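Listed below are the residues making up each chain.
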Amino acid sequence: MPNILLLGGTTEASTLARLLAAHGTAAVLSYAGRTESPRPQPIPVRVGGFGGVSGLAAYLREHRVTHLVDATHPFAATMSENAVAAARIAGVHLAALTRPAWEPGPGDDWTAAADIAGAVALLPETPRRIMLALGRMHVEVFAARPQHHYLLRFVDAPAQPPALLRHTLVVDRGPFSLDDDTRLLHDHAIDLLVCKNAGGTGAQAKLAAARRLGLPVLMIQRPRLPARTEFQRPEDVLDWIAHAASSGTERGV
Ligand code: NAP
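Residues numbered from 1 in each chain as written. Predicted model: local features only at pLDDT ≥ 70, side-chain atom pairs only at ≥ 80, totals over all residues. Heavy atoms only, no water.

**A few points about the overall build of the chain**
And step 1. Broken down by element type, the chain carries seven helices and twelve strands.
And step 2. For the chain, the C-alpha radius of gyration of 20 Å lies close to 18 Å, the compact-globule estimate for 253 residues.
And step 3. Along the first, second and third principal axes, the C-alpha set of the chain runs to 60 × 35 × 30 Å.
And step 4. With the model as given, the accessible surface of the chain reaches about 12,500 Å², and the carbon-plus-sulfur share is 54%.
And step 5. Mean positive and mean negative side-chain charge positions of the chain (25 and 23 charges, respectively) differ by 3 Å. (Helix = DSSP H or I, 4+ residues; strand = E, 2+ residues; numbered from the N terminus. Rg over C-alpha atoms; globule rule 2.2 N^0.38 Å. Areas by Shrake-Rupley, 256 points an atom, 1.4 Å probe, with all protein chains shown as cover. Lys, Arg positive; Asp, Glu negative; His and termini not counted. Charge placed at Lys NZ, Arg CZ, Asp CG, Glu CD.)

**As for the sheet that holds strand E7 (residues 129–133)**
And step 1. Taken in spatial order, the six strands of this open sheet run E6-E11-E10-E7-E8-E9, and their pairing is parallel. What marks the edges here is a single partner per strand, and that holds for strand E6 (110–113) and strand E9 (167–171). Between one strand and the next, the sheet's axes are offset by a mean angle of 20°, whatever the strand orientation.
And step 2. Helix H5 (residues 178–187) contacts E7, strand E8 (149–154) and E9 of the sheet and is inclined by roughly 150° relative to E8. (Pairing = 2+ DSSP bridges. Axes fitted to C-alpha atoms, helices over the stretch in contact; angles between N-to-C directions. Contact = heavy atoms within 4.5 Å.)

**A few points about the sheet that holds strand E12 (residues 230–231)**
And step 1. Across the sheet, which stays open at both edges, the six strands sit in the order E3-E2-E1-E4-E5-E12 with parallel pairing between neighbours. Each edge of the open sheet is held by one strand with a lone partner, namely strand E3 (45–47) and E12.
And step 2. Running at roughly 160° to strand E1 (residues 3–7), helix H1 (residues 11–23) makes contact with E1, strand E2 (26–31), strand E4 (67–70) and strand E5 (93–97) of the sheet.
And step 3. Along the sheet, helix H2 (residues 52–62) makes contact with E1, E2, E3 and E4, crossing E1 at roughly 150°.

**Here we look at the site of the ligand**
And step 1. Around the ligand, the structure places 22 residues, and the nearest of them are Gly-8, Ser-30, Phe-50, Met-79 and Lys-196.
And step 2. Within the side chain of Arg-34, a nitrogen or oxygen atom sits 2.8 Å from an oxygen atom of the ligand.
And step 3. Burial of the ligand by the protein amounts to 78% of the accessible area it has alone, namely 800 Å².
And step 4. For the shell around the ligand, the secondary structure elements donating two or more residues are E2 and helix H3 (77–90).
And step 5. No other element matches the four residues that H3 contributes to the shell around the ligand.
And step 6. Partitioned by chemical class, the residues of the shell around the ligand number eight nonpolar, eleven polar and three charged. (Near = heavy atom within 4 Å. Polar contact = N/O pair within 3.5 Å; in protein donor to acceptor, adjacent residues only side chain to side chain. Nonpolar A, V, L, I, M, F, W, Y, C, P; charged D, E, K, R; others polar.)

**Considerations on the nonpolar core**
And step 1. Grouped together as the largest cluster of nonpolar side chains are 20 residues, with contacts concentrated most on Leu-6, Leu-16, Leu-20, Leu-29, Val-69, Val-237 and Trp-240.
And step 2. For this core, the secondary-structure elements that each account for two or more residues are E1, H1, E2, E5 and helix H7 (234–247).
And step 3. For this core, the element with the highest residue contribution is H7, accounting for five residues.
And step 4. Setting aside its immediate chain neighbours within four residues, Leu-20 contacts Ile-4, Leu-6, Thr-25, Ala-27, Leu-238 and Ile-241. (Core = buried A, V, L, I, M, F, W, Y, C linked by side-chain atoms within 4.5 Å. Buried < 20%, exposed > 50% of the residue type's maximum accessible area, 1.4 Å probe, protein only.)

**Overview of the pairing of E4**
And step 1. Alternating positions in E4 separate into two faces, His-67 and Val-69 on one and Leu-68 and Asp-70 on the other, with burial throughout.
And step 2. The pairing of E1 with E4 spans four bridges and is parallel. Note that in E4 the partner of Leu-6 across the bridge is Val-69.
And step 3. By the bridge criterion, four bridges tie E4 to E5 in an arrangement that is parallel. Its bridge partner being in E5, Leu-68 is matched across the sheet by Leu-94.

This is how it looks when you write it as structure tokens:
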């Protein structure tokens, strides 16, 4: 019988958790523990890191996991790399549930940055009012460019105020509508948006708002990940679980 470990922290993981529960498939959802009050889930939840590749491989063996599903955020590269390595060591099936990257459309003014350090380097010299749509782990490198005023929006209030000389912090949890994000960018007189190419619909409104207001966007590209089986629809993961359970598909690939 399939026994799933689902690496979460995304809307897609929550959707898949609901489907697994509806199908009566044994599954545990794993959170890193970054959010103080994650949404209630219909399957058992565990919280916290595993202790690297060896810790995850040990967990997979100990809990007799048959299928590891990586539904982490596209920028959670360490976890995704660890998942590939640990699945191979423990001999369990691995697939990722991912989202297509966002693409610029008519009216968009995007500049690509290779990574967060690249975005810092691409900031203009003259002071700007910048929304950093990055999550609290990644904003402090922008302290290197103290002439700018930064707008931050976090899910939880941080224990320590961000170490940015000039900033405004908004604590709010999405989903945000186009009107919400247009108002936010307008009210804070933002003239540049910096964000990661997360993909999906949950965080897309800010891009539509930037387009509506004619604002430029500095778009941070996704990290490269090892080759793995990937799906974009939670239903396809269910099919894969049924198939990989019966066919003896190569494990850890
Ligand atoms: P990361 O840099 O790839 O992972 C750092 C460490 O956190 C991992 O090595 C692992 O610790 C632990 N970890 C990450 N995801 C985990 C999970 N689902 N269950 C248990 N442990 C996990 O990840 P991150 O970028 O800090 O993201 C952390 C979490 O936030 C992920 O679940 C991700 O889906 C979610 N998230 C991330 C972003 C983003 O932009 N990065 C945005 C939204 C949500 P051990 O090595 O000890 O196992």
